[in-house]
Amino acid sequence: MAPLILVTGFEPFGGWTINPSWELARALAAERPEVVMAACLPVSWEEVGRELRRLLKEHRPRAVVCLGQAVRPALALERVGVNWARGRDQRNREGGDRPLIPEGPDAYLSTLPLSRMREACRARGVPCYISNSAGTYLCNAAAYLVRHYLQLEGRSATPAGFIHVPLFPEQAADPPSGHAGQLPPPSMDRNTQLKGLLACLDALLEGEPDG
Ligand code: PCA
């Protein structure tokens, strides 16, 4: 079995100067260099699928955890990716309010051990929940496409799914103009998020058969 868990983050988008998902993907690779490989995905309808597919083919990971930023109060283990694309990307292209893959199934469920991951976070004191919608923007696209491409390659048993991560406090303290309200958006500090994601990786590895 390949030694590798592919963890992806996204590039910054929508006026934010960093994306915590990419910061955390890199931090996970630094913490667990023997198992984690980090890669950064473009916030682009045209490029995201191509890049994911290339990564899956080239590295043949034994599991895939995609991360993305969301304005949420906790780590959000996404249960489902839906076949829909909506919203303007970082290259100024519209998703078009249409299916991601015209001939694809309506949705793919995560094959990550979501309940075990949630319990592992709880045990380490990190707020975490199972979310039933990743939206219809690029993160949902990653949640859908990662399973779609694994399926096309005949590797649908590979655990794969998506986790939305909260903003870092420094982002919430100084949001881009479109996000600035009286009440700052929710956030979670980097170390707490990292602790939660390491717990998720442990839960993922625990569930694997030996060898
Ligand atoms: N979050 C966006 C796309 C990239 C990211 O980090 C989303 O939730 O769809």
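Everything below is about the structure shown above.
Residues numbered from 1 in each chain as written. Predicted model: local features only at pLDDT ≥ 70, side-chain atom pairs only at ≥ 80, totals over all residues. Heavy atoms only, no water.

Peer 1: Explanation requested: the pattern of salt bridges in the structure shown.
Peer 2: Pairs may arise between side chains of opposite charge once their charged atoms sit close together. Considering all chains together, one arrives at 15 salt bridges under this definition. The partner of Asp-202 in a salt bridge is Arg-32, with the nearest N and O atoms 3.0 Å apart. Here the residue Asp-202 occupies a position in helix α6 (residues 190-206), and Arg-32 occupies one in the loop between α1 (20-31) and β2 (36-41), the gap between them amounting to 170 residues. Between Glu-78 and Arg-72 there is a salt bridge, with the nearest N and O atoms lying 3.2 Å from each other. Summarising the burial analysis for this pair, Glu-78 and Arg-72 share the class buried. (Salt bridge = Lys/Arg side-chain N within 4 Å of Asp/Glu carboxyl O. Helix = DSSP H or I, 4+ residues; strand = E, 2+ residues; numbered from the N terminus. Buried < 20%, exposed > 50% of the residue type's maximum accessible area, 1.4 Å probe, protein only.)

Peer 1: Mind showing me how you'd approach the environment of Trp-22 here?
Peer 2: Mapping Trp-22 onto the fold places it in helix α1. Between the C-alpha atoms of Trp-22 and Leu-112, which are 90 residues apart in sequence, the distance is 20 Å. Look past the residues within four positions of Trp-22 in its chain and what remains in contact with it is Gly-9, Phe-10, Ala-38, Ala-39 and Cys-40. (Contact = heavy atoms within 4.5 Å.)

Peer 1: Explanation requested: the side chain of Gln-193 in the structure shown.
Peer 2: Here Gln-193 shows up in helix α6. Setting aside chain neighbours within four positions, we find Gln-193 in contact with Leu-24, Leu-75, Val-165, Pro-166, Leu-167, Phe-168 and Met-188.

Peer 1: Before we go on, may I ask you to explain unusual backbone geometry in this structure?
Peer 2: In this model, Arg-60 sits at a positive phi of 40°, which is unusual for a non-glycine residue. Within the fold, Arg-60 resides in the loop between α2 (45-59) and β3 (63-69). One non-glycine residue, Asp-97, adopts positive backbone phi at about 55°. As for its position among the elements, Asp-97 is in the loop between β5 (80-82) and β6 (107-109). Asp-97 gets classed as partly exposed once you look at its relative accessible area, which sits at 38%.

Peer 1: In this structure, what is going on with the state of the cysteines? I would like to understand it.
Peer 2: Here a disulfide denotes one covalent bond, and it connects the sulfur atoms of two cysteines. Counted according to the given criterion, the structure contains 0 disulfides. Unpaired in terms of disulfides, Cys-66 finds its nearest cysteine sulfur in Cys-139, a separation of 9.1 Å. Judged by relative accessible area, Cys-66 falls into the buried class, the value being 0%. (Disulfide = S-S within 2.5 Å.)

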